[in-house]
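Residues per chain are reported as follows:
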Amino acid sequence: MEDWSIKELSSLLREKKTSSVEITTDYLQHIKKKNPEINAFITVDENRSLAQAKLADQLIQKGEGDVLTGVPIAQKDIFCAEDWLTTCGSKMLYNFVAPYDATVVKKFNEVGAVNLGKTNMDEFAMGSSNETSYFGGVKNPWDLTRVPGGSSGGSAAAIAARMCPGATATDTGGSIRQPASLCGLTGLKPTYGLVSRYGMIAFASSLDQAGPMAKSSEDCAMMMNVMAGFDPKDSTSIDHKKEDYIKNIDQPIEGLKIGLPKEYFAEGLDSNVAKVIESAIDQYKKLGAIIVDVSLPNTNLSIPVYYVLAPAEASSNLSRYDGMRYGHRTSQYDDLIDMYCKTRQEGFGEEVKRRILIGTYVLSAGYYDAYYLKAQQIRHLISEDFKKAFQSCDVIMGPTAPSTAFKANEKTDDPVTMYLQDIYTIATNLAGLPGMSIPAGFVNKLPVGIQIIGNYFDEARMLNVAHQFQKVTDWHKAIPEGALS
Amino acid sequence: MSITHDEIKKIALLARIKITEEEADATLKKLSGILNLIEDMKKVDTTNISPMFHAQSVTQRLRDDVVTEINQREKLQKIAPEVSDGLYIVPQVIE
């Protein structure tokens, strides 16, 4: 298997040095070889993918098509894709063949990209290790005894094992950035409202945001050019002017002000991870960046706030799974209520049930003010912290996750220790800010990501800042042993 | 903040999730851990702080009341657990 970037594939296709059918076939063969071990894909449909590849080749032959025409991209199984099984990692949707395309999927189809398959994920995107998937956990290609992170762990593992050059992902509390960090990839969670949520199965609607995951910032920028954009079908989509995320990616970053929040380097951060982040910051200094100390004093509150808001929204969103019109329905029941209760008992996994119960509890009579309202007030404080910090810097940097990839089953018994994985990523979702993770080094042969947090709609600058780092470092080019064979 | 076995069962019914006695006990332990984590919020004085319900302060868009969707009954019912004569079949609710 060749280690192609999206950018390389795009040029090869346009110069007619290869065809989409040829590339797609190569990836499908590699998936056949690697996936039984990694479990990164839930659904692969060779005929469908190859049919798209053929159409792409015809477009290219005619001299038509777009930058990504013919490039195979994997889709996280949270995105509805017409006539594709779309499970969201849940038994509840084990048989759900989507009757329509999510806007993100539609946009990739419209530019002639090839859907390479649907990637595994934590059930309904609830998890940081991919272990809550009904279709089994995903293995981290860097160390098969470890998790790839979550919830977009299937997308991350698929790219890391070179089963695809890029994949879509979603991030509600860190689900793009943490797996990108744990698998040595580049991932971007855009500003809330920049990428459409239409057809993206809802978890916590005020926090959910889709973004690209790939090996480099350039590749993520190419995917962003397809994904971003106003969508009237998403009521919280923002009518932001269309940007070209590639255009300024090569600009020098001399004079860039990088804010380092002291709370992101406090207790709880693995000391070896801290060293990697510090040396990455040194690299940025060499590129001409200026380091500024900032403070995000309410960082520790972001976890309690998130575990009120996200379950509350989830309990409401997931009430639609009732076994009536699609998905799993229990086989034995006494009456309507019994059918609902058994269908949901059987269809949802432990973590999803736990979060629905927490959400139902915090929203139940008498508790609304103490939990939901209080959390929304603290969310305001967290957002104000960022506003203040951005007065003295252009981007904020710190670790993406407190540690490298952990062992499978290590944190499954205690949900709270699992939740702490997202301590550095959750606050940006609460504030609606864009966040990114790029490879910054290794600890004991496991990848470490540095997080770049930008101001609202500053994705182009973040991708530029990431690209400048990747021009002078090789961390993002590292390949897990055996991934190409 | 502590939560009782009976409360768990009540919430589970509200959430329409069947739960056994043993499951309720196991859930009780894990939920208590999460609720303790949430309790940290109590320490913060939020007097006069407005709640932030959304990341972007935008207002709900309105659209013209025109038909945009076509009838896809057959296609949408193809994935239903039980359908008869174009209707979804559910347990009897009215005697």
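Calculation criteria
Residues numbered from 1 in each chain as written. Chains lettered and ligands numbered in written order. Predicted model: local features only at pLDDT ≥ 70, side-chain atom pairs only at ≥ 80, totals over all residues. Helix = DSSP H or I, 4+ residues; strand = E, 2+ residues; numbered from the N terminus. Rg over C-alpha atoms; globule rule 2.2 N^0.38 Å. Buried ≥ 20, exposed ≤ 12 C-beta atoms within 10 Å, placed from the backbone. Arc of directions from axis to C-beta. Contact = placed C-beta atoms within 7 Å. pLDDT = per-residue confidence, 0-100. Nonpolar A, V, L, I, M, F, W, Y, C, P; charged D, E, K, R; others polar. Pairing = 2+ DSSP bridges. Axes fitted to C-alpha atoms, helices over the stretch in contact; angles between N-to-C directions. Parallel < 35°, antiparallel > 145°, perpendicular 65-115°, else oblique. Left-handed = near helix turned anticlockwise from the far one by under 90°.

A. A look at the overall build of chain B. For chain B, the helix and strand inventory stands at three helices and two strands. Taken against the 2.2 N^0.38 rule, which gives 12 Å for 95 residues, the C-alpha radius of gyration of chain B at 23 Å runs more than 25% over that of a compact globule. Within chain B, the fraction of its 95 residues that count as buried is 14%.

B. Region of the structure containing the environment of arginine 14 of chain A. Structurally, arginine 14 of chain A is set in helix H1 (residues 6–14). With 43 residues separating them along the chain, arginine 14 of chain A and aspartate 57 of chain A place their C-alpha atoms 9.8 Å apart.

C. A look at H1 of chain A. Residue and element names in this part refer to chain A. Every buried residue of H1 is accounted for by Ile6, Leu9, Ser10 and Leu13. One side of H1 holds all its buried residues, which, seen down the axis, span an arc of 100°. Packing partners of the buried residues in H1 comprise helix H2 (20–38), helix H3 (46–61), strand E4 (166–171), strand E6 (209–214) and helix H7 (217–227). In the segment just after H1, lysine 16 is the residue with positive phi, at about 55°.

D. Representation of the confidence of the model for chain B within the structure. Residue and element names in this part refer to chain B. Across chain B, the average pLDDT comes to 90, with 99% of residues at 70 or higher. Taking the mean pLDDT of every element in chain B, the minimum, 89, falls on helix H2 (residues 21–39) and the maximum, 96, on strand E1 (residues 83–84). Overall fold confidence for the complex sits at a pTM of 0.97, while the interface term, ipTM, reaches 0.95.

E. Molecular detail of the interface of chain A and chain B. Counting residues at the interface gives 54 residues for chain A, matched by 40 residues for chain B. When contributions to the side of chain A that touches chain B are tallied by element, the ones reaching two or more residues are helix H9 (302–317), helix H10 (336–347), helix H11 (350–363), helix H12 (369–389) and helix H13 (415–419) of chain A. With eleven residues, the top contributor of residues to the side of chain A that touches chain B is H12 of chain A. By residue class, the composition of the side of chain A that touches chain B is 31 nonpolar, 13 polar and ten charged.

F. Main features of the pairing of strand E9 (residues 395–399) of chain A. All names here are of chain A. Within E9, five of the five residues are buried, leaving the element largely enclosed by the surrounding structure. One ladder, built from two bridges, connects strand E7 (residues 257–261) with E9; its direction is parallel. Each bridged residue has a counterpart across the sheet, and for isoleucine 258 the counterpart in E9 is valine 395.

G. Seen up close, the packing of H9 of chain A against H2 of chain B. One way to put it is that H9 of chain A packs onto H2 of chain B with a least axis distance of 8 Å and a crossing angle of 125°. Regarding the angle of H9 of chain A to H2 of chain B, the classification is oblique. Once H9 of chain A is placed against H2 of chain B, the crossing between them reads as left-handed. On H2 of chain B, the residues that touch Ile303, Pro304, Tyr307 and Val308 of chain A of H9 of chain A are Ile34, Leu37 and Ile38 of chain B. Across the contact of H9 of chain A with H2 of chain B, the residue classes tally to seven nonpolar, no polar and no charged.

H. Region of the structure containing unusual backbone geometry. The linkage connecting glycine 150 of chain A with the following residue, serine 151 of chain A, adopts the cis geometry, with an omega of 10°. Of note, serine 151 of chain A is situated in the loop between strand E3 (114–119) and helix H5 (153–160). The backbone of asparagine 39 of chain A shows a phi angle near 65°, a positive value even though the residue is not glycine. C-beta crowding within 10 Å serves as the criterion here: with 21 such atoms nearby, asparagine 39 of chain A is assigned to the buried category. At arginine 16 of chain B, a position not held by glycine, the phi torsion is positive, near 55°. Considering the arrangement of structural elements, one finds arginine 16 of chain B in the loop between helix H1 (5–14) and H2.

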